[in-house]
Amino acid sequence: MADRWLFLVYSNPAEGKEAEYHEWYDHTHLPEVCALDGALGAARYELAAQDPEATHRFLAVYELDRDPEEFMADLGAVSYTHLTLPTILLV
């Protein structure tokens, strides 16, 4: 069986932008990232109980079938050319 990795991304929407954040993440960003070579799929989660020490409310888990460092290098190479990343939605 080939090696598999989980790549975790923690994030928060900008204040007052939660609906736009979820719309972008679910319908734009996840499909774009999952279309890259090495991405097998993704799932998103929200922190169930708000821990006062938690710094992020949301988690995206990407399943990869290639080395995460290689995947991130490719993601970085294409992120400025075709991935949509509205910085106003992320904190």
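Now for a look at the structure at hand. (Residues numbered from 1 in each chain as written. Predicted model: local features only at pLDDT ≥ 70, side-chain atom pairs only at ≥ 80, totals over all residues. Heavy atoms only, no water.)

Before going further, it helps to examine the overall build of the chain. When you go through the chain residue by residue, the secondary structure sums to two helices and three strands. In the chain, the succession of α and β elements from N to C terminus is β-α-β-β-α. By residue count, 27% of the 91 residues in the chain fall in the buried class. For the chain, the proportion of contacts with a sequence separation of at least 24, taken over those separated by at least 6, is 70%. Just so you have it, the chain exposes about 6,000 Å², and 55% of that area is on carbon and sulfur atoms. (Helix = DSSP H or I, 4+ residues; strand = E, 2+ residues; numbered from the N terminus. Buried < 20%, exposed > 50% of the residue type's maximum accessible area, 1.4 Å probe, protein only. Contact = heavy atoms within 4.5 Å. Areas by Shrake-Rupley, 256 points an atom, 1.4 Å probe, with all protein chains shown as cover.)

Turning to the nonpolar core, a few remarks are in order. One finds Tyr-25, Val-33, Tyr-62, Leu-64, Phe-71 and Leu-75 to be the most contacted residues of the largest nonpolar core, which totals 13 residues. Going through the elements one at a time, α1 (18-34), β3 (58-64) and α2 (68-79) are the ones with two or more residues in this core. For this core, the element with the highest residue contribution is α1, accounting for five residues. (Core = buried A, V, L, I, M, F, W, Y, C linked by side-chain atoms within 4.5 Å.)

Moving on: the packing of aromatic side chains. Each aromatic ring pair is summarised here by two numbers: the centre-to-centre distance and the angle between the ring planes. Within this structure, the stated rule accounts for four aromatic pairs. Between Tyr-21 and Phe-58 the ring centres are 5.3 Å apart and the planes differ by 45°, which places this aromatic pair in the tilted class. Highlighted residues: Tyr-21 in helix α1 and Phe-58 in strand β3, separated in sequence by 37 residues. Its relative accessible area of 0% is what places Tyr-21 among the buried residues. Classification of Phe-58 by relative accessible area gives buried; the value is 4%. The structure contains a cluster of three or more aromatic residues connected by ring pairs, namely Tyr-21, Trp-24, Tyr-25 and Phe-58. (Phe/Tyr/Trp six-rings, centres within 6.5 Å; stacked < 30°, edge-to-face > 60°.)

Right, let's get into the pattern of salt bridges. On inspection of all chains with the given rule, the structure shows six salt bridges. Of the charged contacts in the structure, one is a salt bridge between Glu-18 and Arg-57, with a shortest N-O distance of 3.0 Å. Residue Glu-18 is located in helix α1, and its partner Arg-57 is located in the loop between β2 (39-46) and β3; the two are separated by 39 residues in the primary sequence. We note a salt bridge from Arg-66 to Asp-37, for which the minimum N-O separation is 4.0 Å. Of the two residues, Arg-66 is situated in the loop between β3 and α2 and Asp-37 in the loop between α1 and β2; the sequence distance between them amounts to 29 residues. (Salt bridge = Lys/Arg side-chain N within 4 Å of Asp/Glu carboxyl O.)

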